[in-house]
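Chains, contacts and geometry: an overview
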Amino acid sequence: MRASWTRDEVILGLDVLFSHGRRHLSMDSEAIIDLSNLLNRLPIIPIAKRNDTFRNTAGVSSQLSRFLWSLKYNEKHANIGRIFTIIYEEYKERPGELHEIAQAIRRNESVIRQVGFGASEEADGFPEGAILCHLHRHLEHQQGFQFKNRVAQCAICCVRVDHIYGSLPNVQFLEPHLLVPPTEISPDMTYVEEYFIMVCPNCHSILHQIRPWRNRKTYVNILQTL
Ligand SMILES: [Zn+2]
Ligand SMILES: [Zn+2]
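This one's a predicted model, so the numbers in the text were calculated from it and none came from an experiment.

Below, the discussion takes up unusual backbone geometry. In this model, R211 is joined to P212 through a cis peptide bond whose omega is 5 degrees. Positionally, P212 belongs in the segment after α9 (201-209). Despite not being glycine, N74 shows a phi value in the positive range, around 50 degrees. Assignment of secondary structure puts N74 in the loop between α3 (57-73) and α4 (82-91). In this model, C158 sits at a positive phi of 65 degrees, which is unusual for a non-glycine residue. Looking at the element boundaries, C158 is found in the loop between α7 (130-143) and α8 (161-165).

In structure tokens:
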């Protein structure tokens, strides 16, 4: 299966398009060769998910061309991810900002490649270490956010975003927390809604630091009641 373009990759791709007059760039152009090489060097898509043609010059060139087609006809090309349109809409009036982000990624490439998956700072207080912490957060982001709209308040302290920040639209406040203990995470597990609670960032941070790990019956106990 082909790996979908990620946000970081689309930023780099659109920046190349913007920097070259938003025109078709052929697979043997310097810009496409550079971009293809960069996308192959960056550790965004796991090696195991890459096929032989991963982000090769032909693929990168045609992906950007399909996006240009979408712009021209104001219609999403069937073979292009929605993420292209989303990021384009975000930055079409501010290509300078997009360029700054792309430049920062390019500038830090050597550092990014040195910071491996599961670097020590990713442990974030987890006594189980960086790898299981990273996995915990990954599952929260990949699986838990689909349930975010169903609750309005923190499952522990009951704080509500609209009580603190008013009715700001699109403000993300509550986060999914995976109740499955890090030591029980397993590849064959299905992460159903019952495994998650929505919490505020403060309560989430506390849940990550205290042990024994709190389950569905005990998580509320972390609140000190007078
Ligand atoms: Zn809370
Ligand atoms: Zn969590």
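Further notes follow.
In terms of nonpolar packing, the biggest core is built from 27 residues, with L12, L14 and F84 touching the most fellow members. Among the elements of the structure, α1 (7-19), α2 (30-41), α3, α4 and α5 (95-107) are those that each provide at least two residues to this core. It is α1 that contributes the most residues to this core, seven residues altogether. The residues touching L14, leaving out its near neighbours within four places in the chain, are F67, F84, I87, Y88 and L98. In terms of nonpolar packing, the next biggest core, distinct from the first, is built from 13 residues, V159, V199, C203 and L207 among them.

Now for the pattern of salt bridges. In the structure shown here, the tally under the stated rule is six salt bridges. R41 serves as the salt-bridge partner of E109, at 2.6 Å between the closest nitrogen and oxygen. Here R41 lies in helix α2 and E109 lies in helix α6 (residues 109-114), a separation of 68 residues in the sequence. Here E109 falls in the buried class, since its relative accessible area comes to 11%.

Before going further, it helps to spend a moment on the side chain of E9. For E9, the location among the structural elements is in helix α1. A polar atom in the side chain of E9 sits 2.9 Å from the backbone nitrogen of T6. Filtering out sequence-adjacent residues up to four positions away, E9 remains in contact with S4, L39, I44, I45, F54 and R55.

What follows covers the coordination of the zinc ion (ligand 1). Binding of the zinc ion (ligand 1) to the protein goes through C154 (SG), C157 (SG), C200 (SG) and C203 (SG), at separations of 2.3 to 2.4 Å. Mapping the donors of the zinc ion (ligand 1) onto the primary sequence gives the spacing C-x2-C-x42-C-x2-C. With a gap of 49 residues between them, C154 in the loop between α7 and α8 and C203 in helix α9 connect regions that are remote in the sequence.

Each value, and the rule that gives it
Residues numbered from 1 in each chain as written. Chains lettered and ligands numbered in written order. Predicted model: local features only at pLDDT ≥ 70, side-chain atom pairs only at ≥ 80, totals over all residues. Heavy atoms only, no water. Helix = DSSP H or I, 4+ residues; strand = E, 2+ residues; numbered from the N terminus. Core = buried A, V, L, I, M, F, W, Y, C linked by side-chain atoms within 4.5 Å. Buried < 20%, exposed > 50% of the residue type's maximum accessible area, 1.4 Å probe, protein only. Contact = heavy atoms within 4.5 Å. Salt bridge = Lys/Arg side-chain N within 4 Å of Asp/Glu carboxyl O. Polar contact = N/O pair within 3.5 Å; in protein donor to acceptor, adjacent residues only side chain to side chain. Donors = N, O, S within 2.8 Å, 3.2 Å for Na, K, Ca; no water.

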